[in-house]
Amino acid sequence: MNSEDNCLGLRVQILALQREVKRLNNELQEARSTDPMTGLSSKPKMYQDIEHHLALRSRELKKGARRPEIAILFIDLDGFKSVNDTSHLSGDKLIVEFANLLRATARAGDIVARFGGDEFCILAPNTDKEHGDSFAEKIQKVLSEYESSSVAGYRFQASIGV
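Residues numbered from 1 in each chain as written. Predicted model: local features only at pLDDT ≥ 70, side-chain atom pairs only at ≥ 80, totals over all residues. Heavy atoms only, no water.

**Quick look at the pattern of salt bridges**
Move 1: Scanning all chains against the criterion turns up seven salt bridges.
Move 2: A salt bridge links Asp 35 to Arg 114; the shortest N-O distance between them is 3.3 Å. Separated by 79 residues along the polypeptide, Asp 35 in the loop between α1 (3–33) and α2 (43–62) and Arg 114 in strand β2 (residues 111–116) bring together distant segments of the chain. Arg 114 matches Asp 35 in its accessibility class, with the two residues each being buried.
Move 3: Of the charged contacts, one joins Lys 129 and Asp 133 as a salt bridge, the two residues approaching to 2.9 Å between their closest N and O atoms. Placement of the pair is Lys 129 and Asp 133 together in helix α5 (residues 129–144), with a separation of four residues, close to one helical turn.
Move 4: You can call Lys 129 partly exposed: its relative accessible area is 49%. (Salt bridge = Lys/Arg side-chain N within 4 Å of Asp/Glu carboxyl O. Helix = DSSP H or I, 4+ residues; strand = E, 2+ residues; numbered from the N terminus. Buried < 20%, exposed > 50% of the residue type's maximum accessible area, 1.4 Å probe, protein only.)

Listed below in structure tokens is the structure:
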């Protein structure tokens, strides 16, 4: 084997390693931006999304466009601690079930995130305060009509700030 063959072989190996590093970096970024239990956006990803939407809003205002609104709903699952203290498995199931309810209730374009524990957040672009309040009421209505399939007799309740 001559030195040209060695160089070519090394280049191929380097390219393969570069592809692998890129793939692993993508996986790491995905893991950082997704809550592993629920599949919702993570808290750091939500902060990035909020910054992005605020920057868009700022650009729109500078262009003289109508005042685009952004509603952010902070949601805390009430009564969760008593279930979780009794059984972490049941608590995990409730968190996943609650996340799925929020995901199903959110509109296309809304971003739903788990902030940790029993705290969640929804970023609702193009939504003013009045519609944000209506959205919170809609979530409360969905929760009031739903009984958990994970924990017998458990009914979801949440505190929501807009």
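**Notes on the confidence of the model for the chain**
Move 1: With 91% of its residues at a pLDDT of at least 70, the chain reaches an overall mean of 88.
Move 2: By mean pLDDT, α1 is the weakest element of the chain at 72, and strand β3 (residues 119–125) is the strongest at 97. (pLDDT = per-residue confidence, 0-100.)

**Some details on the packing of aromatic side chains**
Move 1: Tallied over the entire structure, the rule returns six aromatic pairs.
Move 2: A centroid spacing of 6.0 Å and a plane angle of 75 degrees characterise the contact between Phe 74 and Phe 115, whose relative ring orientation is edge-to-face. Here Phe 74 is found in strand β1 (residues 70–78), whereas its partner Phe 115 is found in strand β2, with 41 residues between them in sequence.
Move 3: Taken together, a centroid distance of 5.0 Å and an interplanar angle of 65 degrees make the contact between Phe 98 and Phe 120 edge-to-face. A residue pair is termed long-range when its members are at least 10 positions apart, and Phe 98 in helix α4 (residues 88–105) and Phe 120 in strand β3 qualify at 22 residues. (Phe/Tyr/Trp six-rings, centres within 6.5 Å; stacked < 30°, edge-to-face > 60°.)

**Describing the nonpolar core**
Move 1: Counting residues in hydrophobic clusters, the biggest one holds 26 residues, and the most contacted among them are Ile 75 and Phe 98.
Move 2: Secondary structure elements with two or more residues in this core: β1, α3 (80–86), α4, β3 and α5.
Move 3: Other than its neighbours up to four places away in sequence, Phe 98 contacts Ile 75, Leu 77, Phe 120, Leu 143, Phe 156 and Ala 158.
Move 4: Core analysis: the next-biggest nonpolar cluster, separate from the first, contains seven residues, Ile 50, Phe 115, Cys 121 and Leu 123 among them. (Core = buried A, V, L, I, M, F, W, Y, C linked by side-chain atoms within 4.5 Å. Contact = heavy atoms within 4.5 Å.)

**Overview of the side chain of His 53**
Move 1: For His 53, the location among the structural elements is in helix α2.
Move 2: When residues no more than four places from it in sequence are discounted, the contact partners of His 53 are Ile 70, Ile 111, Leu 123 and Pro 125.

**A closer look at α4**
Move 1: Over its 18 residues, α4 runs 26 Å from end to end, which matches the ideal 26 Å to within 8%, given 1.5 Å per residue.
Move 2: Taken together, the buried positions of α4 are Gly 91, Leu 94, Ile 95, Glu 97, Phe 98, Ala 99, Leu 101, Leu 102 and Thr 105.
Move 3: Against the buried residues of α4 lie β1, α3, β2, β3, α5 and β4 (157–161). (Expected span 1.5 Å × (residues − 1).)

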